[in-house]
Protein chains: 2
Amino acid sequence: MIARRIRIHLASLFLLIISIPCAYAQTDPLPSWNDTAPKKSIVAFVEKVTKEGTSDFVPVDERIATFDNDGTLWVEQPMYVQLAFALDRIKQLAPSHPEWKTTQPFKGVLQGDMKAVMASGEKGIVELIMATHSGMTEEDFRKIVTDWFASATNAKYHKPYNQCIYQPMVELLAYLRANGFKTYIVSGGGIEFMRPWTEKTYGVPPEQVIGSSIKTKFEMVDGKPDLRRLPEVNFIDDGPGKPVGINQYIGRRPIAAFGNSDGDQQMLEWTAAGTGARFMLIVHHTDAEREYAYDRKSSVGKLDKALDEATAKGWTVVSMKDDWKKIFAFQ
Amino acid sequence: MIARRIRIHLASLFLLIISIPCAYAQTDPLPSWNDTAPKKSIVAFVEKVTKEGTSDFVPVDERIATFDNDGTLWVEQPMYVQLAFALDRIKQLAPSHPEWKTTQPFKGVLQGDMKAVMASGEKGIVELIMATHSGMTEEDFRKIVTDWFASATNAKYHKPYNQCIYQPMVELLAYLRANGFKTYIVSGGGIEFMRPWTEKTYGVPPEQVIGSSIKTKFEMVDGKPDLRRLPEVNFIDDGPGKPVGINQYIGRRPIAAFGNSDGDQQMLEWTAAGTGARFMLIVHHTDAEREYAYDRKSSVGKLDKALDEATAKGWTVVSMKDDWKKIFAFQ
């Protein structure tokens, strides 16, 4: 009798232990997604690759998911956040650079003449980036970036930039991680511009951030080792650079990739070309009211060829307007 | 009475659960190390940084440990393993390159005249590396490396190279990981030469391998995306390149670093210069009988300035002869 009672008691204990993960699984992990095709295809993919004993099963080690950042995880309009940072920084540094008053593209920035800035072309943009992103140590740059994020806000929402992130994508990142995925950011943006805040914002630690970079140099200053940021491009993590960056940093091919523009096309192609189950998704900006509507003709986040390829190959295309119940946590 | 018995029963169950990790902790995690100062300092460091509530405690996320490979984790004598690979590959490719019969350094390799090879200097070595490491896709290179490792053996031990690894260091890697550390390889060797076997050999997955690299290019061949290896240096992960590589790949400063030569000096300096508890270790090759004895005058794995700095700054120096009970698992 006693033994039986103990058995029952122990059985309840085990049921309790088992029921905790079950209860968790029954909660919708993607509450900001409408129950439309994209959500269903995401869930179907995750269930497929995590089901042991099937031919689609993927071991945890190989569950690599890569996410573009600008326009895929956070707002890239009316201008890339990093460009806003560079412009603010030019204004801040201007007093020590009197020559900027008469030299483009700096003059344009200081006079708020963005047409003149854009007329300076890629060369001008690189000049702006180098003037604002190099010269200091990595440690100092991290502080500059952190300080800027503490006060800067998006022009449309008047919210700090790292609140202007897509709630459905934040849920997706967490859902994938809860299913054993390692989530990476693979962005054309600067790697050291992202690392100071991605862990807190997206749950993506610095070592899982891949991005564009400038060269750095190890140096000893008064017996203290430093990494100095040099005004020289090291790597451009965009377009065909994304598979290169992924291979360089991860050394494995992703099984799932998420982007929103032609700059992500090769990352999705590279992901799609692997063997076994694959998942490729494009975020299509279709919501002029809650966010922005743009694609084939946009100068920021142009989505043209990748949209055609997504359609042709049956990749998942998310319409922000139709497939997302909520866009931002603050809305 | 029944309730009391159940309580006792449950208490035993909990004791059993609790006793499993305790029993594990009581097993010596570093059995191939003698109970000399290095082992004691390693254990003291790990216990210190993992003890919550103390000022030395380091959160799991920040427990980054970086290991050199050649001479730190595996044998680098009588020549770097990757050089042995390059020489074998030259011989294998020679039939398609009749011009190599009369051109140095290839001629020297084919005639077994290493003096002539060395006389070709750094330029010659780079030529050998490019001729053997570039031109193919990443996927093909991985296969070439894997095939080579399946048959090549070390000249002294007549064992496959990935058995010529230091058992005490393998135990150390596992011990650190069991204590929440993320273990990285940071090697002057080629990143794609290491990645195919480091996970199986050391428990270090591809995304935690940092090394030297050549440039790669994304290309579409008959609708299939490939990464082509180009004959152009991308990054040299040695000496002052190691902190640069660590910052680029990890974006965090290690709290522990392990090396054996002057090429590791800056990695150890960079690690030492962080705030909080730090651990720097140099493997000193002092065992001519069981392995090799070399340091200040060696052309491979020269240890001179870093040994002086280790002594001056109180970094841990392991004498292989005195501090390691066993060097290889096969001995």
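In this text the structure is predicted, and so the values were computed from the model without any measurement.

Calculation rules
- Residues numbered from 1 in each chain as written.
- Chains lettered and ligands numbered in written order.
- Predicted model: local features only at pLDDT ≥ 70, side-chain atom pairs only at ≥ 80, totals over all residues.
- Heavy atoms only, no water.
- Phe/Tyr/Trp six-rings, centres within 6.5 Å; stacked < 30°, edge-to-face > 60°.
- Helix = DSSP H or I, 4+ residues; strand = E, 2+ residues; numbered from the N terminus.
- Buried < 20%, exposed > 50% of the residue type's maximum accessible area, 1.4 Å probe, protein only.
- Least-squares fit on C-alpha atoms with pLDDT ≥ 70 in both.
- Contact = heavy atoms within 4.5 Å.
- 1 Å grid on protein atoms, 1.4 Å probe; cavity = no way out; pocket = protein on both sides within 12 Å on 5 of 7 lines; lining within 4 Å.
- Points joined across faces, edges and corners; volume = space filled by probe spheres on them.
- Nonpolar A, V, L, I, M, F, W, Y, C, P; charged D, E, K, R; others polar.
- Buried area = accessible area lost by both parts, 1.4 Å probe.
- Salt bridge = Lys/Arg side-chain N within 4 Å of Asp/Glu carboxyl O.
- Polar contact = N/O pair within 3.5 Å; in protein donor to acceptor, adjacent residues only side chain to side chain.
- pLDDT = per-residue confidence, 0-100.
- Axes fitted to C-alpha atoms, helices over the stretch in contact; angles between N-to-C directions.
- Parallel < 35°, antiparallel > 145°, perpendicular 65-115°, else oblique.
- Arc of directions from axis to C-beta.

Draft legend 1. Local environment of the packing of aromatic side chains. Residue and element names in this part refer to chain A. Scanning all chains against the criterion turns up 45 aromatic pairs over all chains. Consider the rings of Phe-85 and Phe-193, whose centres lie 5.1 Å apart with planes at 50°: the pair is tilted. Here Phe-85 is found in helix H3 (residues 81-93), whereas its partner Phe-193 is found in helix H9 (residues 191-202), with 108 residues between them in sequence. The residues Phe-85 and Phe-193 share a single accessibility class, namely buried.

Draft legend 2. The relation of the copies chain A and chain B, seen in detail. Each copy of the sequence occupies a distinct position, and chain A is placed on chain B by a rotation of 180° and an axial shift of 0.0 Å, giving an RMSD of 0.0 Å. The superposition operator between the copies reduces to a two-fold rotation axis. In this assembly, 100% of the residues forming the interface of chain A have copies in chain B that are likewise at the interface, indicating an isologous arrangement.

Draft legend 3. Focus on empty space enclosed by the protein. Summed over the entire model, instances satisfying the criterion amount to two cavities of 30 Å³ or more. Of all the secondary-structure elements, those providing two or more residues to the lining of the largest cavity are strand S2 (182-190) of chain A together with strand S2 (182-190) of chain B. By volume, the second largest cavity amounts to about 40 Å³. For the lining of the second largest cavity, the elements supplying multiple residues, two or more each, are S2 and helix H9 (191-202) of chain B. Within the lining of the second largest cavity, the residues separate by chemical class into three nonpolar, four polar and one charged.

Draft legend 4. Region of interest: the interface of chain A and chain B. Tallying the contact residues gives 42 residues for chain A and 42 residues for chain B. Summing both partners gives a buried area of about 3700 Å² for chain A against chain B, and 56% of it is carried by carbon and sulfur. Looking at the side of chain A facing chain B, the largest losses of area belong to A:Glu207, A:Phe218 and A:Gln248, adding up to 17% of the total buried there. Between the two partners, chain A and chain B, sit eight salt bridges. For the pair chain A and chain B, the interface holds 20 residue pairs in polar contact (both at pLDDT 80 or more). When residues of the side of chain A that touches chain B are traced back to their parent elements, those giving at least two are helix H1 (2-26), helix H7 (138-151), S2, H9, strand S3 (209-221), strand S4 (224-235), helix H10 (241-249) and helix H11 (265-272) of chain A. Among the residues making up the side of chain A that touches chain B, the classes are represented as 19 nonpolar, eight polar and 15 charged.

Draft legend 5. Geometry of the confidence of the model for chain A. Mean pLDDT over chain A stands at 93; residues scoring 70 or higher make up 92%. Complex prediction metrics read pTM 0.91 and ipTM 0.90.

Draft legend 6. Region of interest: the pattern of salt bridges. Applying the stated rule across the entire model yields 38 salt bridges over all chains. One salt bridge connects A:Arg228 with A:Glu219, and the closest N-O pair in it is separated by 2.8 Å. Classification of A:Arg228 as partly exposed rests on a relative accessible area of 25%. A relative accessible area of 19% means that A:Glu219 is categorised as buried. Between B:Asp308 and B:Arg296 there is a salt bridge, and its shortest N-O distance comes to 3.0 Å. Highlighted residues: B:Asp308 in helix H12 (residues 305-313) and B:Arg296 in the loop between strand S7 (293-294) and H12, separated in sequence by 12 residues. Among the residues examined, B:Asp308 registers a relative accessible area of 42% and is labelled partly exposed.

Draft legend 7. Main features of the environment of A:Glu199. Within the secondary structure, A:Glu199 is located in helix H9. Spatially, the C-alpha atoms of A:Glu199 and A:Ala44 are 27 Å apart, while their sequence positions differ by 155 residues. Excluding residues that lie within four positions of it along the chain, A:Glu199 makes contacts with A:Val204, A:Pro205, A:Pro206, B:Asp61 and B:Arg252.

Draft legend 8. Local environment of the packing of helix H10 (residues 241-249) of chain B against helix H11 (residues 265-272) of chain B. Residues and elements named next belong to chain B. Where H10 meets H11, the closest approach of the two axes is 7 Å, and the angle between their N-to-C directions is 55°. In terms of axis orientation, H10 runs oblique to H11. Two secondary-structure elements touch here, H10 through Lys-242, Pro-243 and Ile-246 and H11 through Gln-266, Met-267 and Trp-270. Split into classes, the residues belonging to the contact of H10 with H11 amount to four nonpolar, one polar and one charged.

Draft legend 9. A look at helix H12 (residues 305-313) of chain A. Residues and elements named next belong to chain A. Every buried residue of H12 is listed here: Ala-306, Leu-307, Glu-309 and Ala-310. With its buried residues spanning 165° around the axis, H12 presents them on a single face. Summarising the geometry of H12, the exposed residues directed more than 90 degrees from the buried face are Lys-305, Thr-311 and Ala-312. On its buried side, H12 packs onto H11, strand S6 (279-286) and strand S8 (316-319).

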